[in-house]
Amino acid sequence: MTYRLFDTSVWIDFRNGIKSGQTDLLTESIKANKVCCCPVIIQEFLQGIKIDREFYEYEEDFKGLNSLKLDPYFAATSAAQIYRSIRKSGVTIRKPNDCLIAFYAIHFNLELCHNDIDFDRIAENTSLKIWKPF
């Protein structure tokens, strides 16, 4: 099993008990310790949790994952370049944070597992590798 980055959309489905190819893969990857995570995914996920106890439990769980670290200015400017280049081709990415997540996956040569069409659009215009269920 390879290391993968899982978008916030998959983490939310996982938390909500939604069964899918993506959440099954996340479950398997967690068991195999093959999950990578970056700061923006942690922020997006945790900011949606309303119950303090749950927030702290998930915060602790994220600490146990393989953490991807980049200089924040390098990551921000690189994500902005992705957004700009795709925008020039006539496609607008709805959430600029998706470009940041995609950049982490590209930079670390990881496959991204997601439930968000914007990542398909990013992959069509960059070297982003996305996981597709069979």
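Within each chain, residue numbers correspond to sequence positions counted from 1 in written order. Totals for whole chains, interfaces and linings use all residues, but because this is a predicted model, local features are given only for residues with pLDDT of at least 70 and pairs of side-chain atoms are given and counted only at 80 or more. To obtain the side-chain values, all non-hydrogen atoms of the structure were included, while hydrogens and water were left out.

Asks: Looking at this structure, I do not really get helix 4 (residues 52–63). What am I missing?
Replies: Along an α-helix, residues three or four apart share an orientation, since each turn contains 3.6 residues. Compared with the 16 Å implied by 1.5 Å per residue over 12 residues, the 17 Å span of helix 4 between its first and last C-alpha is a close match. The classification of residues rests on relative accessible area computed with a 1.4 Å probe and restricted to protein chains. Under 20% of the type maximum is buried, over 50% is exposed, and intermediate values are partly exposed. Numbered from the N terminus, helices here are DSSP runs of H or I no shorter than four residues, and strands are runs of E no shorter than two. Of all the positions in helix 4, only Glu54, Tyr58 and Phe62 are classed as buried. Seen along its axis, helix 4 keeps its buried residues to an arc of 70°; they face one direction. Structural note: helix 4 exposes Asp52, Arg53, Tyr56 and Lys63 on the side pointing more than 90 degrees away from its buried face. Every helix has an expected span of 1.5 Å times one less than the residues it contains. Directions from the helix axis toward the C-beta atoms define the arc.

Asks: I'm lost on the environment of Asp24 in this one. Help?
Replies: As for its placement among the helices and strands, Asp24 is situated in helix 2 (residues 21–31). Remark: the alpha-carbon pair of Asp24 and Ile42, spanning 18 residues in sequence, is separated by 20 Å. A polar side-chain atom of Asp24 sits 2.8 Å from a polar atom in the side chain of Lys19. Distance and chemistry together define a polar contact, namely a pair of N or O atoms within 3.5 Å, with one atom able to donate a hydrogen and the other to accept it when in protein, and with adjacent residues in sequence counting only for side-chain atoms on both sides.

Asks: Can you walk me through the pattern of salt bridges in this structure?
Replies: Should the charged atoms of two oppositely charged side chains come close, the side chains can pair. In the sections that follow, a salt bridge refers to a side-chain nitrogen of Lys or Arg positioned within 4 Å of a carboxyl oxygen of Asp or Glu. This model, assessed by the stated rule, comprises 11 salt bridges. For the salt bridge of Lys95 with Asp98, the shortest nitrogen-to-oxygen distance reads 3.9 Å. Residue classification places Lys95 among the partly exposed residues on the basis of a relative accessible area of 38%. Given a relative accessible area of 2%, Asp98 falls into the buried group. One salt bridge in this structure joins Asp118 and Arg121, with 2.9 Å as the shortest N-O distance. Here Arg121 and Asp118 lie together in helix 7 (residues 117–125), a separation of three residues that amounts to about one turn.

Asks: So what exactly am I meant to see when it comes to the side chain of Ser29 here?
Replies: Following the sequence through the fold, Ser29 ends up in helix 2. Classification of Ser29 as buried rests on a relative accessible area of 0%. Here, residues are in contact when the closest pair of their heavy atoms is within 4.5 Å. Residues within four places of Ser29 in sequence aside, it is in contact with Met1, Arg4, Phe6, Lys34 and Val35.

Asks: How should I be thinking about the environment of Phe74 in this particular structure?
Replies: You can see Phe74 is positioned in helix 5 (residues 72–88). Look at Phe74 and you get partly exposed, because its relative accessible area is 38%. For Phe74 and Arg121, which are 47 residues apart along the polypeptide, the C-alpha to C-alpha distance reads 22 Å. When sequence neighbours within four positions are dropped, the list of residues in contact with Phe74 reads Phe103 and His107.

Asks: Sorry if this is basic, but what is going on with the packing of helix 1 (residues 8–15) against helix 2 here?
Replies: Axis angle and axis distance: for two packed helices, these are the angle between their axes and the distance between the axes, and together they describe the pair. Two numbers describe how helix 1 lies on helix 2: the axes approach to 9 Å, and their chain directions differ by 85°. In terms of their interaxial angle, helix 1 and helix 2 are classed as roughly perpendicular. Of helix 2, the residues touching helix 1 (which contributes Val10, Trp11, Asp13 and Phe14) are Gln22, Thr23, Leu26, Thr27 and Ile30. Gly is placed with the polar residues, together with every amino acid not listed as nonpolar (Ala, Val, Leu, Ile, Met, Phe, Trp, Tyr, Cys and Pro) or charged (Asp, Glu, Lys and Arg). In terms of residue class, the contact of helix 1 with helix 2 is built from five nonpolar, three polar and one charged. For helices, the fitted line uses only the C-alpha atoms of the stretch in contact; every axis is such a line through C-alpha atoms, and the angle between N-to-C directions lies from 0 to 180 degrees. An angle below 35 degrees is read as roughly parallel, one above 145 as roughly antiparallel, one from 65 to 115 as roughly perpendicular, and any other as oblique.

This is a description of form; function is not addressed.
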